[in-house]
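What follows is the residue order along each chain.
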Amino acid sequence: MAKDYPRSYRVADQIQREIVPLIRSELKDPRVSDLLTISSVDVTRDLSIAKIYFTVLNEDERLQTEEALHEGAGYLRKLLSRRL
């Protein structure tokens, strides 16, 4: 089983489940679009780096949302580490 579904995949799935409520409830930035979807999460094998990919339904809000998420990344990282 471990060879079929490595730990990095399980951690990526857990991050994807936990990050959405954090963005919705904890990140109080009006630039974050309400139509934000976390499409995928890639985690390195050593679990040191996670890349989170998102989509926004309204393409006009994409740049503002991306900027807000980059600015709030440290805060989200701290909250996510407490939940994981």
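Residues numbered from 1 in each chain as written. Predicted model: local features only at pLDDT ≥ 70, side-chain atom pairs only at ≥ 80, totals over all residues. Heavy atoms only, no water.

Enquirer: What am I meant to see in the overall build of the chain here?
Expert: Across its full length, the chain carries three helices and two strands. Of the regular secondary structure in the chain, the N- to C-terminal order runs α-β-β-α-α. The principal-axis extents of the C-alpha atoms in the chain amount to approximately 40 × 25 × 20 Å. Burial status across the chain gives 27% buried among its 84 residues. Intrachain contacts of the chain at a sequence separation of at least 6 include 53% that bridge at least 24 residues. Roughly 6,200 Å² of accessible area belongs to the chain as shown, and the carbon and sulfur atoms make up 51% of that amount. Mean positive and mean negative side-chain charge positions of the chain (14 and 14 charges, respectively) differ by 9 Å. (Helix = DSSP H or I, 4+ residues; strand = E, 2+ residues; numbered from the N terminus. Buried < 20%, exposed > 50% of the residue type's maximum accessible area, 1.4 Å probe, protein only. Contact = heavy atoms within 4.5 Å. Areas by Shrake-Rupley, 256 points an atom, 1.4 Å probe, with all protein chains shown as cover. Lys, Arg positive; Asp, Glu negative; His and termini not counted. Charge placed at Lys NZ, Arg CZ, Asp CG, Glu CD.)

Enquirer: Looking at this model, I keep getting lost on helix 3 (residues 73–83). Mind explaining?
Expert: Note: α-helices contain 3.6 residues per turn, so residues at a spacing of three or four share the same orientation. When we look at burial in helix 3, the residues that qualify are L76, L79 and L80. Seen end-on, helix 3 carries its buried residues on one side only, within an arc spanning 100 degrees. The exposed residues of helix 3 that point more than 90 degrees off its buried face are R77, S81 and R82. In this structure, the buried residues of helix 3 make contact with helix 1 (7–25) and helix 2 (62–71). (Arc of directions from axis to C-beta.)

Enquirer: Please explain the pairing of strand 2 (residues 50–56) as it appears in this structure.
Expert: As a general feature of sheets, a regular strand has side chains that alternate between the two faces. Pairing analysis gives seven bridges linking strand 1 (residues 36–43) to strand 2, with the strands arranged antiparallel. Bridged to S40 within strand 2 is Y53. Taking the residues that link successive antiparallel strands as the turn, the strand 1-strand 2 hairpin has six residues, and the phi of L47 there is positive, at about 65 degrees. (Pairing = 2+ DSSP bridges.)

Enquirer: Honestly, the environment of R77 in this entry has me stumped. Any pointers?
Expert: Checked against the element boundaries, R77 lands in helix 3. Residues R77 and L22, spaced 55 residues apart in sequence, show a C-alpha to C-alpha distance of 9.9 Å.

Enquirer: Hey, could you run me through the environment of L35 in this one?
Expert: Within the secondary structure layout, L35 lies in the loop between helix 1 and strand 1. As a C-alpha pair, L35 and V56 span 21 residues in sequence and 5.7 Å in three-dimensional space. In this structure L35 touches T55, V56 and L57, once residues within four positions along its chain are discounted.

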